[in-house]
Amino acid sequence: MWQNLYSTHRLGAIVSPGQAVQTESRTAFQRDYDRLIFSSPFRRLQNKTQVFPLPGSVFVHNRLTHSLEVASVGRSLGNTIGNSITLLPENKLMDERSIDFYNNQLGNVIASACLAHDIGNPPFGHAGESAISSFFKKHTEYSNGLSQAEWADLTNFEGNANAIRVMAHRFNGRREGGFCLTYSTLVSFIKYPCASLAMNKGKLSSKKYGFFQSEQEIFRVLAQHFNLKQHNDDPIAYGRHPFVYLVEAADDICYRIIDLEDAHRLGIVDYDTAIGIFLELNMALKGLKNMERIHKGMAQVAEYDKNEKLAYLRSVTINNLVAASAEAFLSNRHSILEGYHETSLLDGIISEAKNVLDKLEALSIEKIYNHSSSVEVEIAGYKVLGGLLSEFVPAALHPENHYAQKLITLIPQQYHYKGDNPYHRIQVAVDFVSGMTDLYAIELYRKLMGVG
């Protein structure tokens, strides 16, 4: 089973099933990482909101720095799990190629998938997703000619689904397969392997989905290649690929811990509260001996440098959460392999630590995500993205008049579509707007609205 979970096949490329993992000086999965790092969509993440407004006098995280940190944690988690998998009793007869993959390459696959996990997010963070969805819910006239599934994609716009589109869709000027990533990397960041109409249905229901109708066949190729467990056919829904749990855990660890550190740096959460939660979490994870080591480490940092003390404690906390997540993965590996595991790895860690994480989540909702600066970003997202879509969607659907033609010239050629399918016409506008940085979206909105 473990030997069938990875593949060097590339989307859109013709390769031999027996192709070696090693390609020249880099493995196939290292090449995925490099392709993502050098891509324009990844570079644009540097001006996309994570939680707090950008830029500011205090350099908090944006989508790019968050993705890089998630990739770092993901590589550690992948390496830890990979080395453990080869030692499992059920893998005594594992072939040499698979042993090499798990000992040396799983960390690269998870790191690459982590780089890509937010690449489909629109401007203004999760508020941008809501803004796009709300626009279409308000403008039901655009549903004419669309299937129920296509309309559900638009009224529930999902950054996770858009990531697959950005990476795998053949936009104008691209080769077949988009960025031609390996099947392993692509399937590892599909956290919600179902269509939009499959949300909130069935025992293994999800509140999100993983691909648009336009990329559904690409997902089917991946699902069939890895023999993912199918839960439903119409609308389609599958069980996750096991590597997804590692990408999700890396993301969960980073945003929960780093958001708290950023909030402290901005003065939203006081030092005693932040450090108290970190200490309580580490105590729950590792016990008294670990606390003795932590206090010795903190004592080496100057008393006046509270940011550095918190940074030290953050690094220890992440390391301990990686270890706990790895333990949860191995303990639940059978249900994970069978495609029926329903919870994240952090939900499966020791209950005392899980209780502290729940406390941290409650604090984040109260103090961080509902802080005035975060709410201002959300409101801006609704105004700016709604305003841009109100211009570009009708222009994409009806490009006959002079004003629409002028608007179309502002859309890069890679997004253009010459056919008559209204779903794909609308996607022209959505692709353009969702790919913008925060700053570009604001500047273009001001120009179109006639604001100096």
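Residues numbered from 1 in each chain as written. Predicted model: local features only at pLDDT ≥ 70, side-chain atom pairs only at ≥ 80, totals over all residues. Heavy atoms only, no water.

A. Geometry of the overall build of the protein. Along the backbone of the protein there are 20 helices and four strands. For the protein, whose C-alpha radius of gyration is 23 Å, the value lies close to the compact-globule estimate of 22 Å for 452 residues. Taken over the C-alpha atoms alone, the protein extends approximately 70 × 55 × 45 Å along its principal axes. Considering only contacts in the protein between residues 6 or more positions apart, those separated by 24 or more positions represent 71%. Accessible area of the protein: about 19,900 Å², with a carbon and sulfur share of 50%. (Helix = DSSP H or I, 4+ residues; strand = E, 2+ residues; numbered from the N terminus. Rg over C-alpha atoms; globule rule 2.2 N^0.38 Å. Contact = heavy atoms within 4.5 Å. Areas by Shrake-Rupley, 256 points an atom, 1.4 Å probe, with all protein chains shown as cover.)

B. Region of interest: the packing of aromatic side chains. Under the defined criterion, the tally for this structure stands at 18 aromatic pairs. Judged by centre distance (6.3 Å) and plane angle (85°), the rings of Trp 2 and Tyr 102 are edge-to-face. With a gap of 100 residues between them, Trp 2 in the segment before β1 (22-23) and Tyr 102 in helix α4 (residues 96-104) connect regions that are remote in the sequence. For Trp 2, a relative accessible area of 3% puts it in the buried group. Judged by centre distance (5.1 Å) and plane angle (85°), the rings of Phe 392 and Phe 432 are edge-to-face. Residue Phe 392 is found in helix α17 (residues 372-397), and its partner Phe 432 is found in helix α19 (residues 422-434); the two are separated by 40 residues along the sequence. Members of the aromatic cluster, joined through ring pairs, are Trp 2, Tyr 6, Phe 29, Phe 101, Tyr 102, Phe 243 and Phe 329. The positively charged end of Arg 75 is found above the aromatic ring belonging to Tyr 33, 5.1 Å away from the centroid. One residue, Arg 240, lies across the ring of Tyr 245, its end atom 4.9 Å from the ring centre. (Phe/Tyr/Trp six-rings, centres within 6.5 Å; stacked < 30°, edge-to-face > 60°. Buried < 20%, exposed > 50% of the residue type's maximum accessible area, 1.4 Å probe, protein only. Lys NZ or Arg CZ within 6 Å of the ring centre and 35° of its normal.)

C. Here's a closer look at the packing of α17 against helix α20 (residues 438-448). Contact pair α17 / α20: the axes reach a minimum separation of 9 Å and the direction vectors enclose 55°. Judged by the inter-axis angle, α17 sits oblique to α20. Here the hand of the crossing between α17 and α20 comes out left-handed. For the pair formed by α17 and α20, the contact residues are Lys 383, Val 384, Leu 385, Gly 387, Leu 388, Glu 391 and Phe 392 on the first element and Ala 441, Ile 442, Leu 444, Tyr 445 and Leu 448 on the second. Across the contact of α17 with α20, the residue classes break down as nine nonpolar, one polar and two charged. (Axes fitted to C-alpha atoms, helices over the stretch in contact; angles between N-to-C directions. Parallel < 35°, antiparallel > 145°, perpendicular 65-115°, else oblique. Left-handed = near helix turned anticlockwise from the far one by under 90°. Nonpolar A, V, L, I, M, F, W, Y, C, P; charged D, E, K, R; others polar.)

D. View of the pattern of salt bridges. In the structure shown here, the tally under the stated rule is 15 salt bridges. Across the salt bridge formed by Arg 26 and Asp 34, the nearest N and O atoms sit 2.9 Å from each other. Through salt bridges with shared partners, a single ionic network connects Arg 165, Glu 215 and Asp 431. (Salt bridge = Lys/Arg side-chain N within 4 Å of Asp/Glu carboxyl O.)

E. Expanded view of the environment of Ser 364. The residue Ser 364 is located in helix α16 (residues 351-368) in this model. Sequence separation between Ser 364 and Glu 141 is 223 residues; the distance between their C-alpha atoms is 38 Å.

F. Looking closely at the confidence of the model for the protein. Per-residue pLDDT for the protein averages 90, and the proportion of residues at 70 or more is 94%. Counting contacts from residues 16-23, a segment whose pLDDT is below 50, to residues more than four positions away or on other chains yields 13 contacts. (pLDDT = per-residue confidence, 0-100.)

G. A look at helix α7 (residues 148-155). The element α7 is largely enclosed, with a buried count of seven among its eight residues. In this structure, the buried side of α7 is in contact with α6 (125-138) and α19.

H. Geometry of the packing of helix α1 (residues 28-37) against helix α5 (residues 106-116). Two elements in contact, α1 and α5, have axes whose closest approach is 8 Å; the angle formed by their N-to-C orientations is 20°. As summarised for this structure, α1 and α5 are arranged roughly parallel, according to the angle between their axes. α5 is crossed by α1, and the crossing has left-handed handedness. Here Phe 29, Gln 30, Asp 32, Tyr 33, Leu 36 and Ile 37 of α1 lie close against α5, whose contacting residues are Asn 108, Val 109, Ala 111, Ser 112, Leu 115 and Ala 116. Its residues assigned to classes, the contact of α1 with α5 shows eight nonpolar, three polar and one charged.

I. Region of interest: the side chain of Glu 129. Along the chain, Glu 129 turns up in helix α6. Within the buried core, Glu 129 has no salt-bridge partner, and the shortest N-O distance to an opposite charge, that of Lys 208, equals 5.3 Å. Excluding anything up to four places from it in sequence, Glu 129 contacts Pro 122, Phe 157, Glu 158, Gly 159 and Asn 160. (Lys, Arg positive; Asp, Glu negative; His and termini not counted.)

J. Unusual backbone geometry, seen in detail. The omega angle of the peptide bond from Asp 234 to Pro 235 is 0°, so this bond is cis rather than trans. Relative to the helices and strands, Pro 235 is located in the loop between β3 (230-233) and β4 (236-238). The backbone of Cys 180 sits at a positive phi, close to 50°, despite the residue not being glycine. Along the chain, the position of Cys 180 falls in the loop between α8 (159-168) and α9 (183-188).

K. Structural context of helix α10 (residues 216-225). Those residues of α10 lying buried are Gln 216, Ile 218, Phe 219, Arg 220, Leu 222 and Ala 223. Buried-residue contacts for α10 involve α8, α9, β3 and β4. Where α10 terminates, the next one or two residues include Asn 227, which has phi positive at roughly 55°.

L. Summary view of the pairing of β3. Two strands pair when backbone bridges link them, and β3 and β4 are joined in this way by three bridges, in the antiparallel orientation. Looking across to β4, one finds that Gln 230 is bridged to Tyr 238. Linking β3 to β4, which pair antiparallel, is a turn of two residues. (Pairing = 2+ DSSP bridges.)

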